[in-house]
Amino acid sequence: MSRPGFPFSTRFRVRYSEIDGQKIVFNSRYLEYADVGLTEFWRWADLARLGPIWMEAEFNVVRAQVEYKRPFRFDDLVEVFVRVERLGNSSMTMRADLCHAETGELHAEVEMISVHLDLETRRPQPIPETVRAALLAIGG
């Protein structure tokens, strides 16, 4: 399945251990699902080819927001669509739409803002131009 504006998606099933007493996916799991999508997105984007400028970059999440639309249930097939939503001077906003892979219905929207840090000072620093160009080239 595809979703306009999202260059990447990955799928997985809801496991029994992820549901709560109401037999729906526990709310904290939606951030974990977004993280699975982001991990696979970075693997797909292959920014490691940029070398140390990417591999030594440090992005820390400073804000995460989940907008719940409808619950997932045990054994649902989840499809996570991921894109770079915005690039700032030192920040990056990622968006993950969590959809039911068989119906296409949107179950949650997750937005995560990360800041590029200098590891010694722990202060924000500009995203290097090489990295910025690669992120923009991914599209979305």
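On a predicted model such as this, the values are computed, not experimentally measured, just so you know.

**Q** Even after reading the chapter, I still don't get the overall build of the protein chain, so can you show me in this structure?
**A** When you go through the protein chain residue by residue, the secondary structure sums to 3 helices and 6 strands. The linear arrangement of helices and strands in the protein chain, starting from the amino end, is β-α-α-β-β-β-β-β-α. Here the C-alpha atoms of the protein chain give a radius of gyration of 16 Å, agreeing with the 14 Å that 2.2 N^0.38 yields for 140 residues. Here the C-alpha coordinates of the protein chain stretch approximately 45 × 30 × 20 Å along the principal axes. Out of the 140 residues in the protein chain, the part that is buried amounts to 43%.

**Q** What exactly am I supposed to notice about the layout of surface pockets here?
**A** Empty space among the atoms becomes visible once a probe the size of a water molecule is rolled across them. Of the volumes computed, that of the largest pocket is approximately 310 Å³. The wall of the largest pocket is formed by 16 residues, among which Leu38, Trp42, Trp54, Phe59 and Met92 lie closest to the centre. Those elements that place two or more of their residues in the lining of the largest pocket are helix H1 (29-45), helix H2 (52-55), strand S2 (59-68), strand S4 (91-100) and strand S5 (106-118). In terms of residue count, the dominant contributor to the lining of the largest pocket is H1 (4 residues). Residue classes in the lining of the largest pocket are distributed as 12 nonpolar, 2 polar and 2 charged.

**Q** Please explain the nonpolar core as it appears in this structure.
**A** In terms of nonpolar packing, the biggest core is built from 32 residues, with Tyr33, Phe72, Val82 and Leu98 touching the most fellow members. Of all the elements in the fold, those that place two or more residues in this core are strand S1 (8-13), H1, strand S3 (77-87), S4, S5 and helix H3 (129-138). The leading source of residues in this core is H1, at 6 residues. Residue contacts for tyrosine 33: discarding those within four places in its chain leaves Phe12, Val14, Glu18, Val25, Phe72, Val78, Val80 and Leu98.

**Q** Please explain the side chain of glutamate 111 as it appears in this structure.
**A** Looking at the element boundaries, glutamate 111 is found in strand S5. Since its relative accessible area comes to 19%, glutamate 111 is described here as buried. A polar side-chain atom of glutamate 111 sits 3.4 Å from a polar atom in the side chain of arginine 63. A polar contact is formed between the side chain of glutamate 111 and the side chain of arginine 86, at a distance of 3.4 Å.

**Q** Sorry, what's going on with the packing of aromatic side chains here?
**A** Within a pair of aromatic rings, the relevant descriptors are the distance that separates the centres and the angle that separates the planes. Tallying each qualifying case throughout the model produces 13 aromatic pairs. Ring geometry for phenylalanine 8 versus phenylalanine 41: centroids 6.0 Å apart, planes at 75 degrees, classification edge-to-face. Of this pair, phenylalanine 8 sits in strand S1 while phenylalanine 41 sits in helix H1, placing them 33 residues apart in sequence. Neither residue differs from the other here; phenylalanine 8 and phenylalanine 41 are each classed as buried. Over the aromatic face of phenylalanine 6 sits the side chain of arginine 83, whose NZ or CZ is 4.2 Å from the ring centroid.

Thresholds, definitions, all that
- Residues numbered from 1 in each chain as written.
- Predicted model: local features only at pLDDT ≥ 70, side-chain atom pairs only at ≥ 80, totals over all residues.
- Heavy atoms only, no water.
- Helix = DSSP H or I, 4+ residues; strand = E, 2+ residues; numbered from the N terminus.
- Rg over C-alpha atoms; globule rule 2.2 N^0.38 Å.
- Buried < 20%, exposed > 50% of the residue type's maximum accessible area, 1.4 Å probe, protein only.
- 1 Å grid on protein atoms, 1.4 Å probe; cavity = no way out; pocket = protein on both sides within 12 Å on 5 of 7 lines; lining within 4 Å.
- Points joined across faces, edges and corners; volume = space filled by probe spheres on them.
- Nonpolar A, V, L, I, M, F, W, Y, C, P; charged D, E, K, R; others polar.
- Core = buried A, V, L, I, M, F, W, Y, C linked by side-chain atoms within 4.5 Å.
- Contact = heavy atoms within 4.5 Å.
- Polar contact = N/O pair within 3.5 Å; in protein donor to acceptor, adjacent residues only side chain to side chain.
- Phe/Tyr/Trp six-rings, centres within 6.5 Å; stacked < 30°, edge-to-face > 60°.
- Lys NZ or Arg CZ within 6 Å of the ring centre and 35° of its normal.

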